[in-house]
Each structure stands twice: as structure tokens, then as C-alpha cells.
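Listed below are the residues making up each chain.
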Amino acid sequence: MANNSRIVLPFALWPETPPSLSVSSLFINFASEDLITGTNDGFLVCWKIVPDQQKIIPRLMLIGHTSQVSFIVGATGNHKLENFVSISDNDGQIKLWNNEDGRCIENIRTNLKHRSAQCFNYQLTNEHFLICCGCYSEILIYDMRTLEMKFTLTPSHVDADWISTFFIFQKANVPDVIIAIGLLDSGCVKLWAFDPRTVTSNTTIEGTSVGNNNNLVPIDLKEHESKEIRTQFGSVIVPCEECQRMMLIVHGRGWQIFDGIDFTELCSYITNDKEVVKNEHWIYGHFPTIDLVILFSARGYAHIFRLPENATFSNPKFRSQHNKTDMQIPQWLCRLNVGNEIKLGQTPVYYCQTKLKQCQVYRADNSGQISVWNINLKQFSTTSDIFPTWSISYKDVWANAMKNIHTIRKVFNEILPDKINKLTASCHLITMDRLAFGTDKGEIYLLPALKLISYLFLSNDQPQENFDIQTLTGHNQTITCLIHPHSEYSRYDIQHLLSGSIDHSIRLWDLSTNTQLHMFTIHSGAILMFHIPPPMLNVKVQYCVCSIANDHSVSLVSLKERKTVLLANRQSYPVVGLRWRINDDFLLIKCSDGSLYVWQIETGNLDRVAYGVLAEELFEWYNDPRILNANGDLQNDPLSTAMTSAHYFQIRSTWKKGDYDKIKKLNRKFINSRHDLVGTSSFKHTEYRLPIVIQQFHTNMGDDLSLLVLFDLLQLISQIIVFDLEKQHAQNPKYIETANNDTKSQLTQTSKSLAVLSNFLVSLLHPWLFDKTMDKICQERLHLYRTNRFFSFGILSKTDHLTIVLPTWQQYLNDNIPDTFLPNPTTLISFVGMETNETEIMRQKQERIENYVYQWRWKYSSILNTEHLLSLVTMVYILMNCDRWISSLTNDQTDQVMLSQREGWSKLLQFYCSDMLEQCQTKVFQSLSIEILCSHWQDLCLELRDAARKLLEKELDHLHKNHDAWHVFISKWSILFNQSYNKETDGALYDQDIRDIFFDDSPFNSETTTMTTVNQQYKTQQLLSIVLIGIIGARYGQEVEQTKQPTAPIKGFTVDSPEMILKLSRILTSLLSPSNFDHIPIHSVIRRTAIDLIGRGYTIWEPYLDIGQVLLTLLDLCAISDSTTISSNVLSGILTPKTDTCLTARTALTLIATSRSNVVIITLAREIAKHVLAQSGQTSSSATRTTAPSQTSITIKAEQKHEILRLIKILIEKCPHDVADLILEVTDITLNCIDLSTLRHKGVQAVSETFSLLLKYPMVTYCNESPKLCVGTKTGVLALYDLKTPKYQPFQAHPKNELITCVEFSPDGKYLASYSAYEGILYFWQTSANTFFSTSNTIHLVSRHAAQRLERSIPSPMKKVDMNWIDRTTVRMYWHVDKSEKKFTV
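In this text, all values refer to a predicted model and were calculated from it rather than measured experimentally.

1. Overview of the overall build of the protein chain
Secondary structure assignment for the protein chain yields 31 helices and 61 strands. Looking at the protein chain as a whole, 58% of its 1386 residues are labelled buried. Relative to all contacts within the protein chain whose residues are 6 or more apart in sequence, the contacts with residues 24 or more apart total 60%.

What follows is the structure, encoded as C-alpha cells:
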């Protein structure tokens, strides 16, 4: 829920050559035919195996690790693969991914190095555990769903060796016990046995938090048995699936078979001088059957051996000879060989499976080739090498997919006379809307960014685009990096571009003249990357750029003075991170060996070098946001802004393996100077940035360049809204006179770019080919273009993990449409003499292919569907209501076109919210994610909030129609809901660390990122459940109210609804007042949502609420923001949390007041009476008699009075009859809230408008002369106020049961006329009995006259009679019923 407004939509542009795939780990789930590879560069690729066609198709690329992926583990056997875990040793990250859509679900960071990891399924509870061992002395067991550490298995020796390998199983006859066998480096075997359901810690050690990042202490278990065996250092245990007793232990120079019961050695094999196996170094093995083993070697070969009789369990001679002297030797049978082993740069990875005497062996190597052997174990060749049954090359699959796709290199080769081999670097000049590209020959080209991107993504059938291209020549070798400093900080010159190359030089270019200004040659290696320093106290550094080279040196070069400020060249290992200590003027450089070099910037001297833990702590300390915020003098330290990127992530570019493993830490912060957009109506056009960021990402230096295009939806919305205001301001005649032509042209240029970008985004996201008529409207009226069939979209998930759909998968879908998709085209029935129309059938088939690829996107992921549909609805909302500039219409074009466009947008909106939503609710397409919609319920961006609410309500209505689905849905969320508010188990609301979940959800100030711990994912779910159950309660709670009788089965909400509603009302009211949960920030999402829900479902929560307390708290919240900030913020569409709290409280008050006006008026009157009593220091017996007294001490502030008057005004407009019934209470409230002295001296106009509205009631009259106020009530009482104090004197003027219809003072205020319509009598009273000593506030009856009487059956008599004074003594009355009129005299 934190930071919930930001929706970033990623799209990828690929080159013709694929990103290099150097495989470091491999995992296969044969049940769901999924293959996953991890690479040395830190990304993962998910593949689909298609065994019938002998194909493996790359499906998704997952980016998140910053270094080599060492292990991938997931469920095996008959379990379909839902989630899997990837582990990277170098950065200690363990990540849990969803296999279907590739999003990252959980992510934890440990400081451990693992040597082995596997997934274990505990069959009794169907739980999955992740089990690891490595360079530490325990075996760690994590829960696979939450990555929470459950158990640690520790050897009994305190100083035990590290565990090199382990094996875990359940015995068939004792299914509830898990048995773990671990092998220490010293050759000692340890055994643990435990039942995970009942086990408790059998040691009272301090809770070690090794490898765990949450507060729960894992259960620690000591070993049960141990035995020394004779084996080598660093061995691996491989169990036999058929017979758990047989164990294969593999080490570099040989391998052994042991009996698992007592670890007796049965046979061993030491690499001998036989030619085939002479140089082999064994790495792993597999048992295809009981009597065969396959051993894999580091060179890339696999060897099959037959075991001797005494080592084969099924053989009668099993364990007959196990003395060292007469042990039999395994027999070598044959070798598996691909043929490219000599060329391999590193050891390939293997994965095996045996099924029905068929063994499948998969091998993946660092060239991206996957080879597959299908070996028939009953008969296979032992005379020659066995070659793969089939193999697949990543390069070939990629080339096939990219053949019809526009790439950047193709565009360049169409424009330029010389062909370009490879693009090696790029840079997005955000403030100039241009893209710079570096090539392998040393040239730099610049093109318009938006034009190029839309040309590549959209298939507009226009002739070749005319790109305005700029060329910079100077370098003579490959360009490695480019940077445009002004795009990051506006203090740099906008025309400066900096380039680095393999020729060791850094060159500064002037873009206005296309010339080279200066060349720096300070490094003695290729330049790897540039980095812009944060705004520092040292003026020398203000105009510097930091460069890092592969000779491990770092330099600061000044662009203003054109000289070197600092050259840090003492590092002996590659640089992996930089930090700036701004106050001390230090630069901290971290190297890959863990050392930290601290350089003084002013003097250029090396201050000190730190190693080990100290280096780690120093480096991390300077990135800890808590320290930065707590420390006074560090308050404005921009270091945290420079290094912790909350806006965008930069996918690292690895030049040399390991060089840049942690360069991700040097995140560029793209949009850091855009804070001025919120709440302002003008922005500097010279520095205008479009809300689109285009980033390069290569996975390896040799690769061609790929681009990532990121749209920031929130920035786009805020810019369109602010710009709309700007345009309206520009059309103001005064402005037109003063503005110069330059400003006007810039305004036009900006508006054009924004309009193009908005249309481009809608074109990209629009579901093409779902509805032909809609497509036609989009293309003809709204000028949207269809996208190319294959475009790679992505999902940005938890803490900036990126998933991208690969074009290879789309190509495969294009070639293999399932028959279930769309009905078969109807063949034209051939009558006699007519042939079937072949071309028609071909055309229909082509259409089906197109439809499938376009529509497949909506089958892929519910998260993607939700983000895309939400973005579309929000964008269309805005574009529909914007002025003509966004539709790119000129002023001379008629309003007719304008109207037709608006109509087009509204039809599109209708299509998204009804037809498209219904499509997503069918079985074919993925439904929307209720969690995402729910988290945007109280979004700070108003348009996004409206869109999310609309979609969520429709989605809930759809679920609600289906009773079974509804029941399942409710029970899932109500379980979470019940846990969220449980004091004993520390539910989400009671969790003191909850602040991290809400850290700063203001979309523009989210600079600090905190590492979410494991439990927080769960806590966030609990908080979402409060919101969701609240929304459901407010929407469908009425059904519960009707079905409270115990006999009727409750279908509406859930089985125990009334209790649920009671609980929910308690949670919502306790969230209202900050004193209850003071650890939750006052303007956080959950508080604002609670305020909103109390207003929405007030009639449902009412029986359980203390109305007085709710009203006073809401009035307090309304008063926190003054009216000026509100008006300016509402216009710009994106609110601050504080303003949103205020506005939401106002809306809630209005909803409560209009739904229960009588209760609200009586409660307010009661609270104000208490306030008056408290002020006068009296205690009244009447106050103690009031029903359900509020517990709060009453003080009503001036701001609250303003709010109360606003509320009364709304009630007078919306519920006039309720106000008339309680007119005396309403008058009391109003008089207590206005300034009476102003009223007496300056008249009715000087006080609140509410008072003048009140005077429009015929039973309220005010006399300016005296000044007095009189109110007639429905019990025949006249209440007279003298307006010195807001107190009245009551007079029983009419009979008790008669309703007073009209009251009016004479012009001089001496007389008062009162008339009761049902009684039919007009009374004249004398009001002023002025004596010399005092003015008494009394009335005396002067005369009474019989007037026309109305029937009691006629409702609301106050509208049926008019009464006014003609002069000082005469009254004219007019009855609307029979249109009669009569005059009466005093």
C-alpha cells in the first residue's frame, strides 16, 4: 500500500542479436513443462518445453539479481510449478518469483554464501520448504511461500565444519518425520529427524538471525546421530530415487556408493588412466536406475557406469563384499558428448529425469545452447559416444522471431549511407527529447526520441519517417558510455554531452554546433560508466562528472573549467559502488574484494582504506535513511537522494563479468527535479521533461543494445492537468499581450509533445482487434495507431524487479494457435457449380492468427491486465475532459470535430468499463487483480482513484452474482481480516513496525526506500483485507441487515456477518482517532480509507458507532487544511496526503449528514450545548440525561465552526424538511458558530451564507433594527433571541400541538406576526416594551385574527402560505392552495 500511486509501465525494444545467455544454473519442472535458466549476468529466462515439436521456447526474462544466479529451486515431481526461488551468492539475495507472469513475490537479503539448495515437499501438509547449506555450519530451512526461516539444523559441536552437501527425505512407512542427512567438509555424516508440525526448539540458544531478516527466531534443532566416513573435501550427495538406501557421493577425483542405513561404503571409483576418463573432474551425478549411474564432468561430458553386484540393492549379492580389499569396481559403459566441449568457456549445467526406463538429460552451456538426450535404458550404444537427440540454440530461436520486427539498427541502416554493425551505448536526453546512440566505430548519432520510439512500436502505414539526425565524430574505437548531465541536474549546460570509449578518452561535445569542446585523457583503461555527483557543498564539484574505468580508477572531471579535479587510481580491484560523504567532502569507493577507499575531494589525497566488516558498515551506514533523517546536520544531505532511487531503477550494464556486480547501487535518479509540478500552475519550459524514460540495458558488453521504455503514468497525468491550466491561462487576453513569441512557441511545442505521448500510450495499451467498430473509432476519430503484433511489455513488481515478455514467445504463439481459440472459420457451402472460396478461408485464417497474438496479452497476467486497463481508463478520463490542445486541433477547426472527438473518447471509456471488463471476467482472459484496485481506492491522484473505484465496484458486482465464487472470495479475505485486528497475535494494526508498510505514500517525496521484511508482505495483505471488507460492507452490507433473523441463511456477506460488521465498525472508528494507533502516521492510506468508508457505509455501521465522537473527529480532520491549499490542489489532480485527509473527511461528513440528517442535527446541538456549558463552567443536569453521552471532552475550535456551518448549509439545500422539523436546534447550532457582534453591527451579509439560507424558512425571522431573531417551532413555541448571546427565551404562543407556519417581524421591529396553518389563526405580538431602565426581551399578545385553515392532510404547509408586512401595521397573506389573498391589521 505504500507509495501506491506510482504506476510505471515498461516496454522493451530488442536488437536483432539476442542478449547473451551464459547459463549458470538450470531447473526443470517436467509436470508443467517449464525450464528456467539463471545466468552469470544475473537475469533469469523462463522457457516452455514443447516435447512433441522438440522445441524449447524462451518465454520471459526476469531482471532483479545484480550478480550470477547460483541456484534455482522449485517444486518437482507431480506438482505443477507455481513459484520458484532463485539464489545469488555474490549479493546474498534470495528471491521468490511467480512462474506464470514472472513477478517477484518476495525478496530477502542475507549475508551468506550457499553451496547447495533444494526444494522439499512435506506431503502431510503439502508445504514446500527451501533448504540451503553452505559456508556456515547449519542447514537452513525456509518456508517457500514467505521466505521466512522456520528451522535451523545445527551440528552438536560449536566449532563444527561447514556442511558441504545434504539430502532430505521422508520414509514411506513414517510419513510424518522429515529426515535430513548432512555431510561436513571433514567427512562426518550428521542425521536429524523431526516433525515440522509439532517440533519445538530443543536448545535454549540465543536466536541466531543468520540469513534471516525478520524478527521471528527460527526453531533450532540439534543432530540425532553422526558418523565419520572416508570421503574427500567438498563432496556432493546424490540419492537414488528408486531406493533411498543407495547414496552416491561425488568428489573431484572420484565417487563412492554408500548404503544410507549405516553409511557403509559399497564401492568406489577413482579416476584411472583410461583414456576417456583420464582428465575428468567430477561435479555431479544421477541414478537413472538402481544399477546405473551417470556422472557429469567439469569439461562438459557425461559418463554412464554400471554398478557392481554388491552395490546394487535389487541384486541378491547386495553388501556381500565391502572389505576394502575385495571391493568390485564399477564398469564404464559410454559417454554423452555434444561436440562443442573444447570451445566451452565454463562448466555447463545438467538436469536429469528418468521415467519408464527412459532417461532425459538436459545440458545448458554458456553459449545459450540447450542439448537434450532421450536415452532408452534397456538398449543404448556402448561402442560409441551418444550424441544429443535434439538441441536448441537461443540465437536461432531469437533470429527467427526478430526477422519481421523493426529494430533501431534497421532504422539507422535505412537512413544512413554507411551500414552500422552494432550499437553499443545510448543515452536519453530527457530535457531535449532526443536519444543519443554510440556505435562500435566511434560515431555518435542523435535522433528525436518520441518519434523514433513511436515509429518502432506502432504500425502506422505511413511512408518512411523523416528523422532529423545529428552526427558527432571524434572517437576511433567503440563508444562504451554516454551521459547528458542536464537531464539529471539542471545546473549543467543543456547543450553538453559526454562520451567515453575503449580508446581511454572522455570527450565533451557541444550539441548546438556538433563540435568537440574538450578531450580528457586521464584513465589508462576503457571508460565503463559515468555518474553525476549529488549537489555538494563543495563548489568545485558542482559542475563535475564522475567517470569509472576498467583500470579500476575513478575520476572527477570539471566540465566548466575543463580540468581533472580528482583522480582516484589506487584501487587494485574492480569498483562496485560509490558513495558521497557530502558534509566531510569525501568520496567512498567500494571494490569487489570488499575493501573501501576513502578519498578527500578537496586535496585529492587518499584518506584511508578500510577492509572487511568495517568497510561494509561504513559504506552501508552512509546509505541508511534513518540515520540521515535522525541526524540534524544531515537533514538536507542529498546523499540519500543520489543513491537510493525511488523513481527508477537502472539495470546495470556489465562490461566484464564481476566488474560491475553492484553498479546498480549507482542508480541514476531521473526525475529528481520535477517536484515543482504538483500544485503549481506554471513550469519552466526550458527544462521541460516528458514523463517517459528510455534506458539502455545490455546484459553483457559484447551484446547489442536493448532499450527499456518506461512511462510514468502519474507524471503524465500531473503534466497534462497542469498544462491544461497553463493553456487556459495563455488564452487570457492580458497574458497574450505580455507573452513573447518565444514562450508561445515553446508552449505549442510542449503541448504537441504531450498530446503525441498521450495518444502513443493509449495506442500501446488499447486492446486492438477485440471490437472492430471500436478500432475504427480509435483510428479515424481519435488518431490512434495500431501497435505492431510483437511488442515486449513488462511488469514492474516488488522493489523494482522487472519481467519482460520475450518476442520469441509471441512468435511461437503466432505459429501455433490453439484450436480452442475462436470458432473455426465457417467454410462457404458449395452449391452445384460453385467452388469453395479458398482466398476467403485464407483471409479468415490470417485474421485468427492476428487476433490471437493481439489478444494473448490479456491472457497472460492479472497484474498486467489491471495495470493496463486502469491506465487506459485513467488516461481516457483525462483526455476526454481536456481542452482542444490535447486533441491537436487548430482553432479554425469547427467545434463539430471537437464534439465528435469527445464522443469518441466517451465511447472508448464505455468500451473499457463494460465490454472489456466483461471479457476479463470470462474464463478465457485473466481477471483483474482486486488487490491492486483496492490499493488505489484512496489514491492521491483523483483520476486514478475514480478509475480504480469504478473497476473494483464492477469486479465485485460480477463476483457477487456468483454465490459460490463470492463465498470463496469472502472467506479468503475474512480470515485475513480476523487476523489483522487480533491483539494476541500482534495483528497488522497492532504491529509497531507498521510504519514501514506506509512509509511515505506521497508520490513525490518517496526518497527513502526500506528493505521490506518477510512479514510485511503478509501484514500488507491484512491491511488490504480491512479496506476490502470495508468496501464490501459499505456496498453490500444492507443484505446483512435484512437477514439478521437466525432462520434465514445469510448469503450476502459471509456466514458470521453481523459480528463482522461490528468488528469492522470498531476498527474504522478506532482508526479515525490518531490516539488509538499512534504508530500509524496520521495521513496514511489506511486512515484516509477508514474515513472514506465510514462515510460510505454509515447507515450500516450506525448501530455500533458513537455518532458524537465520529462527528467531532471528522470535524477535527476537516479543519487541518486551510481552504487555499485545497482549491489549488484539487485542480492539479494529485493531492497531498494532508489535503486528501481533509477532503475525504468533508465528503464523509456530507454523506453521514444527508443519510441521517435528524441524528446529525440533534448530536451537533447536544455537543454544542455541552461546549457552551463547559465554557460557562456550569454542569447541568440536562447534559447528564442526554442519551449515549460522548466520552470526549468538548472543545469546538473556530475551524470546526466553519465546517459545521458548511454542513448545515448542505442540509438546508438537500434535506429542507428535516431542517424545518428541527429548526430550533439548527438555529442554535448556527448562532453558536457565527460571530454575533459582526451580525449586530454589520448585518446579515457580513456573516456566513448559512445564516441567510436559514432566514429563507418562513418560520424564522430576523429584525435588523432591534436586532432580534425569532423562530417558530412545531410545538407552538416562539423562541426569541436578543443576539447578545446565542440563548433564546421560549414563549408558548400557539397551542402545544400546533405547528407554527410563518413568523415575521414588522419593518420597525415593534410587532411580530405568527400564523399556524393547521390552526388557521394569525397572532400579532408586541415585542419591544422599552422602559427607561431596561429593554425586556418579552412579547405580549396584541390581537388574534381568524385566517384560512389548511387541511391536516396537506403536507409541508410552509410552502403553501406567504406572509409579508405591507407597512408598519398591515400584513398581507397569500394562500397558494386556492390562490386567495387577505390583509390583516394590528
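Don't stop here, the text continues.
2. Notes on the environment of Y785
On the secondary structure map, Y785 appears in the loop between α10 (772-780) and β49 (792-797). Exposure remark for Y785: the relative accessible area of 33% places this residue in the partly exposed category. Considering only alpha carbons, one finds Y785 and W768, 17 residues apart in sequence, at a separation of 9.7 Å.

3. With respect to the sheet that holds strand β4 (residues 43-50)
The antiparallel open sheet is built from nine strands, whose spatial order is β2-β3-β4-β5-β50-β49-β1-β48-β47. Each having just a single partner strand, β2 (23-29) and β47 (692-697) make up the two edges of the open sheet. Taken pair by pair, the neighbouring strands of this sheet meet at an average axis angle of 25 degrees, ignoring direction. One ladder, built from six bridges, connects β2 with strand β3 (residues 34-39); its direction is antiparallel. What sits directly across from F27, in β3, is I36. Packing of helix α3 (residues 449-457) onto the sheet brings it into contact with β1 (8-13), β47 and β48 (706-712), and relative to β1 it is tilted by some 70 degrees. The strands that helix α12 (residues 838-860) touches are β5 (55-63), β49 and β50 (801-805); relative to β49, the one it contacts most, it runs at about 10 degrees.

4. Focus on unusual backbone geometry
Across the chain, the bulk of peptide bonds are trans and the bulk of non-glycine residues have phi less than zero. In this structure, Q54 is a non-glycine residue whose phi angle is positive, near 50 degrees. Of note, Q54 is situated in the loop between β4 and β5. The backbone of H783 sits at a positive phi, close to 55 degrees, despite the residue not being glycine. Relative to the helices and strands, H783 resides in the loop between α10 and β49. Judged by relative accessible area, H783 falls into the partly exposed class, the value being 43%.

5. Topic: the sheet that holds strand β30 (residues 390-393)
If you trace the four strands from one edge of the open sheet to the other, you get β27-β28-β29-β30, paired in antiparallel fashion. Since the sheet does not close on itself, it has two edges, and those belong to β27 (349-355) and β30, each with one partner. Taking each pair of neighbouring strands and ignoring which way they run, the sheet shows an average axis angle of 15 degrees. Sheet topology places β27 next to strand β28 (residues 358-364); seven bridges connect them, and they run antiparallel. Considered in β28, the bridge of C352 is made with V361.

6. Considering the pattern of salt bridges
One pass over the full model with this rule turns up 42 salt bridges. For K1209, the salt bridge is made with E1249, and the minimal N-O distance between the two is 3.1 Å. Placement of the pair is K1209 in helix α27 (residues 1198-1214) and E1249 in helix α31 (residues 1249-1254), with a sequence separation of 40 residues. Each member of the salt-bridge network shares a partner with another, and the members are R949, E953, D957, R1035, D1092 and R1096.

7. Let's talk about the confidence of the model for the protein chain
On average, residues of the protein chain carry a pLDDT of 80, and 83% of them reach 70 or more. Below a pLDDT of 50 lies the segment residues 624-686, which in the model reaches 181 contacts outside its immediate sequence neighbourhood of four places, other chains included. Below a pLDDT of 50 lies the segment residues 1179-1193, which in the model reaches 15 contacts outside its immediate sequence neighbourhood of four places, other chains included.

8. Describing the state of the cysteines
The tally for this structure, following the rule as stated, stands at zero disulfides. C546 provides the cysteine sulfur closest to C544, a residue in no disulfide bond, and the two sulfurs are 9.3 Å apart. Residue classification places C544 among the buried residues on the basis of a relative accessible area of 0%.

9. Overview of the packing of aromatic side chains
Under the criterion given, the structure shown has 41 aromatic pairs. Taken together, a centroid distance of 5.8 Å and an interplanar angle of 80 degrees make the contact between F11 and F711 edge-to-face. Taken together, the residues F11 in strand β1 and F711 in strand β48 connect sequence positions 700 residues apart. You can call F711 buried: its relative accessible area is 1%. Between F30 and Y362, the aromatic rings sit 5.8 Å apart at their centres with planes inclined by 55 degrees, giving tilted as the arrangement.

10. Thoughts on the side chain of E1319
Secondary-structure assignment places E1319 in the loop between β56 (1311-1316) and β57 (1321-1330). Within the structure, E1319 has its side chain in polar contact with the side chain of H1294 (distance 3.1 Å). Those residues within four positions of E1319 in sequence are excluded, and the remaining contacts are H1294, P1295, E1298 and R1349.

11. So, the pairing of strand β7 (residues 83-88)
Counting buried positions over the six residues of β7 gives five, a clear majority of the element. As paired elements, strand β6 (residues 71-74) and β7 share four bridges and run antiparallel to each other. Its bridge partner lying in β7, F71 is registered against I87. Looking at chain direction, β7 and strand β8 (residues 93-98) are connected through six bridges and run antiparallel. Bridge pairing in β8 places V85 opposite L96. Where β7 folds back onto β8 in an antiparallel hairpin, the turn is made up of four residues, including G92, whose phi is positive at roughly 65 degrees.

12. With respect to the pairing of strand β52 (residues 1268-1272)
The element β52 is largely enclosed, with a buried count of five among its five residues. Of the two faces of β52, the one carrying K1268, C1270 and G1272 and the one carrying L1269 and V1271 are both buried. The sheet contact formed by strand β51 (residues 1260-1263) and β52 spans four bridges and is antiparallel. Note on β52: the bridge partner recorded for C1263 is K1268. With antiparallel pairing between neighbouring strands as the criterion, β51 and β52 make up a hairpin whose turn holds four residues. The pairing of β52 with strand β53 (residues 1277-1281) spans four bridges and is antiparallel. Within the sheet, the bridge partner assigned to C1270 lies in β53 and is L1280.

13. What to know about the packing of α12 against helix α13 (residues 862-881)
When two helices pack together, their arrangement is given by the angle between the helix axes and by the axis-to-axis distance. For the pair α12 and α13, interaxial distance at closest approach is 6 Å and the crossing angle is 110 degrees. Taken as axis vectors, α12 and α13 run roughly perpendicular relative to one another. Contacts from R857, W858 and Y860 of α12 reach α13 at L864, N865, H868 and L869. Taken together, the residues of the contact of α12 with α13 sort by class into four nonpolar, two polar and one charged.

14. Remarks on the environment of R902
By the element assignment, R902 lies in helix α14 (residues 895-920). For R902 and N881, which are 21 residues apart along the polypeptide, the C-alpha to C-alpha distance reads 8.0 Å. Residues in contact with R902, not counting those within four places in the same chain, are M880, N881 and C882.

15. Considering the packing of helix α16 (residues 942-961) against helix α17 (residues 963-980)
For the pair α16 and α17, the least separation of the axes is 5 Å and the interaxial angle reads 115 degrees. Note on element contacts: α17 touches α16 through H963, A965, W966 and F969, opposite L956, L959, H960 and K961. Of the residues in the contact of α16 with α17, the class split is five nonpolar, two polar and one charged.

Calculation criteria
- Residues numbered from 1 in each chain as written.
- Predicted model: local features only at pLDDT ≥ 70, side-chain atom pairs only at ≥ 80, totals over all residues.
- Heavy atoms only, no water.
- Helix = DSSP H or I, 4+ residues; strand = E, 2+ residues; numbered from the N terminus.
- Buried < 20%, exposed > 50% of the residue type's maximum accessible area, 1.4 Å probe, protein only.
- Contact = heavy atoms within 4.5 Å.
- Pairing = 2+ DSSP bridges.
- Axes fitted to C-alpha atoms, helices over the stretch in contact; angles between N-to-C directions.
- Salt bridge = Lys/Arg side-chain N within 4 Å of Asp/Glu carboxyl O.
- pLDDT = per-residue confidence, 0-100.
- Disulfide = S-S within 2.5 Å.
- Phe/Tyr/Trp six-rings, centres within 6.5 Å; stacked < 30°, edge-to-face > 60°.
- Polar contact = N/O pair within 3.5 Å; in protein donor to acceptor, adjacent residues only side chain to side chain.
- Parallel < 35°, antiparallel > 145°, perpendicular 65-115°, else oblique.
- Nonpolar A, V, L, I, M, F, W, Y, C, P; charged D, E, K, R; others polar.

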